[in-house]
Amino acid sequence: MGLAVLTMNNMFGVGALAQICFAIITLLIAFFALRIYKITKLENYQKFTLAFFFIAAAYLFKSFINLLFFLEFLNPGPAVETFSNLAGLYAYGSLVHIVLMLLALLILVNLILKIKNKKVFILLLILTFIPLLITNFSYSVFYLLASILLAILVIHFYHNYQRIKSRGALVVSFAFLFILIGQILFIFTSYTPHFFVWGHILEFLGYVALLFNYIMVLRK
Amino acid sequence: MKKRARLEVVYDILSSIRNKDNQIKPTHLLYKSNLSYKMMQGYLKDLMDGDMVESNEEKGKKHYSLTKKGFDFLGKYDKIKEFTDSFGL
C-alpha cells in the first residue's frame, strides 16, 4: 500500500513537472507566433497563436490538478472529505484540459486544411465534442479523438517536409509523430500500464523536439 | 513559375523600398514587386495599416518609405521564414 501511494505520488509529481515544461514550451512558441502576427497581421499566425495558447492552458490546468494530488499525498488531510474534493477537482480539471486541447487541435487542423467556411469548422467542432458528451468526457475517447486530429497534422507536417526539405520541418514532423504515438498508447493504457509510461516518454520527446526547433529558429 | 507566398511578397515589397534608399515611387514599386496594380494596392494598404510602410508626398510626387517596424520585419525575416517553413504555415 505504502509503495502504491509512493508510486502514485511520484506519478502526479512527475506528471505535473512535465506538464509545466510542455506549457512553457508551447507558450514560447505561441508568443513567437504572436510577434509574427503583430508584424504581418496574417490570419495564419493568429490561428496558430491561439492554438498554442490553448495547448499551454490545457497543460497548465492539468499540471495544477496533478500538483494538488501530489501535495495531498505528501500531506494527507481527512481521507473521505479530501477524496471527494479532489475527485471533483480532478473531474473539472480534466474537463477543461480535454476541451482546451481538442479546441487547439481543431484550430490547427482548420489552419492546415485551409478551412475558410465557419460552418465547416462548427460541424467539425460538433462532431468532435458529441462523442465526448455521450461518453461523459472519457479519457480514452479523448485520446482517440486527439489521435485522429494529430494524425491529420502529422500528414501535413510530413508533406511540408517533403516540399521544403528543411531540418526544421523534419524536426516538427517527428515532434508531432512522437506526440501522436504517445496519444495512441494512452488509449490502451487500461490494458497495460507500460503504455502509460511509454506514452509520456514519447510525449516528452515530442515537446523537446518542438523546443529544439524553436531554439534553431532563434539562432537564425 | 511558383506562386509566391504572402510572406515572401511582403518581404519583396519591403526590401524593394529599402533598396531604393527607403524612398520609392509607386510605379517603381509596381515594377519591382512584380504584382498587378490592384494587388499591390491591397498589400500596401495592409502594410500601412500595420505601420510598416508610410506614404509621403514631396513636390506633388508620392513616395513610399519604411517605418521602424518595416525595418524590424526585414531584420527578423530569416527567423520568421524558418518558423513559417518548419510548421508549413
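Conventions used here
Residues numbered from 1 in each chain as written. Chains lettered and ligands numbered in written order. Predicted model: local features only at pLDDT ≥ 70, side-chain atom pairs only at ≥ 80, totals over all residues. Helix = DSSP H or I, 4+ residues; strand = E, 2+ residues; numbered from the N terminus. Rg over C-alpha atoms; globule rule 2.2 N^0.38 Å. Buried ≥ 20, exposed ≤ 12 C-beta atoms within 10 Å, placed from the backbone. Contact = placed C-beta atoms within 7 Å. Pairing = 2+ DSSP bridges. Axes fitted to C-alpha atoms, helices over the stretch in contact; angles between N-to-C directions. Parallel < 35°, antiparallel > 145°, perpendicular 65-115°, else oblique. Left-handed = near helix turned anticlockwise from the far one by under 90°. Nonpolar A, V, L, I, M, F, W, Y, C, P; charged D, E, K, R; others polar. Core = buried A, V, L, I, M, F, W, Y, C linked by C-beta atoms within 7 Å. Domains from an automatic or database assignment.

Undergrad: Tell me what's going on with the overall build of chain A, and back it up with residues and numbers.
TA: Along chain A, the regular secondary structure elements total seven helices and zero strands. For chain A, whose C-alpha radius of gyration is 18 Å, the value lies close to the compact-globule estimate of 17 Å for 220 residues. Taking the principal axes of the C-alpha coordinates as reference, chain A spans close to 55 × 40 × 35 Å. The buried share among the 220 residues of chain A stands at 39%.

Undergrad: Can you break down the overall build of chain B residue by residue, with the values?
TA: Scanning chain B for helices and strands turns up four helices and two strands. Relative to the globule expectation of 12 Å for 89 residues, the C-alpha radius of gyration of chain B, 13 Å, shows essentially globular dimensions. Expressed as lengths along the three principal axes of its C-alpha atoms, the size of chain B is roughly 45 × 30 × 20 Å. In chain B, which comprises 89 residues, the proportion classed as buried is 25%. For chain B, restricting intrachain contacts to residue pairs at least 6 apart in sequence, the fraction spanning at least 24 positions comes to 46%.

Undergrad: Explain the pairing of strand β1 (residues 53-58) of chain B to me, and be specific about the residues and the numbers.
TA: By the bridge criterion, six bridges tie β1(B) to strand β2 (residues 61-66) of chain B in an arrangement that is antiparallel. Looking across to β2(B), one finds that E58(B) is bridged to K61(B).

Undergrad: Could you give an account of the packing of helix α1 (residues 6-19) of chain B against helix α4 (residues 68-87) of chain B, naming the residues involved and the relevant values?
TA: Residues and elements named next belong to chain B. It is at 10 Å that the axes of α1 and α4 come closest, and there the two elements cross at 150 degrees. As judged from the angle between their axes, α1 and α4 are roughly antiparallel. The interaxial crossing formed by α1 with α4 has left-handed handedness. The segment α1 lies against α4, with L7, Y11, L14, S15 and R18 engaging G70, F73, L74, Y77, I80, K81 and T84. Among the residues making up the contact of α1 with α4, the classes are represented as seven nonpolar, three polar and two charged.

Undergrad: Can you tell me about the interface of chain A and chain B, naming the residues and giving the values?
TA: Every contact between the two is made by 23 residues of chain A and, on the other side, 17 residues of chain B. Class assignment for the residues of the side of chain A that touches chain B results in 14 nonpolar, seven polar and two charged.

Undergrad: Go over the nonpolar core, please, and point to the residues and values.
TA: Residues and elements named next belong to chain A. Within the largest apolar cluster, 81 residues are counted, with the highest numbers of intra-cluster contacts made by A104, L105 and F176. The element that contributes the greatest number of residues to this core is helix α2 (residues 43-74), accounting for 16 residues. Summarising the domain contributions, this core has at least three residues from each of domain 1 (1-135) and domain 2 (138-220). Look past the residues within four positions of L105 in its chain and what remains in contact with it is A146, L149 and L150.

Undergrad: Residues and numbers for the domain arrangement of chain A, please.
TA: Residue and element names in this part refer to chain A. What the domain assignment lists for chain A is domain 1 (1-135) and domain 2 (138-220). Look at where the C-alpha atoms of domain 1 and domain 2 centre, and you get two points 15 Å apart. Counting from both sides, the interface comprises 19 residues of domain 1 and, opposite them, 16 residues of domain 2. Contributing elements (two or more residues each) for the side of domain 1 that touches domain 2: α1 (2-40), α3 (79-112) and α4 (118-134). Examining the composition of the side of domain 1 that touches domain 2, we find that eight residues originate from one element, α3, more than from any other. By residue class, the composition of the side of domain 1 that touches domain 2 is 17 nonpolar, two polar and no charged.

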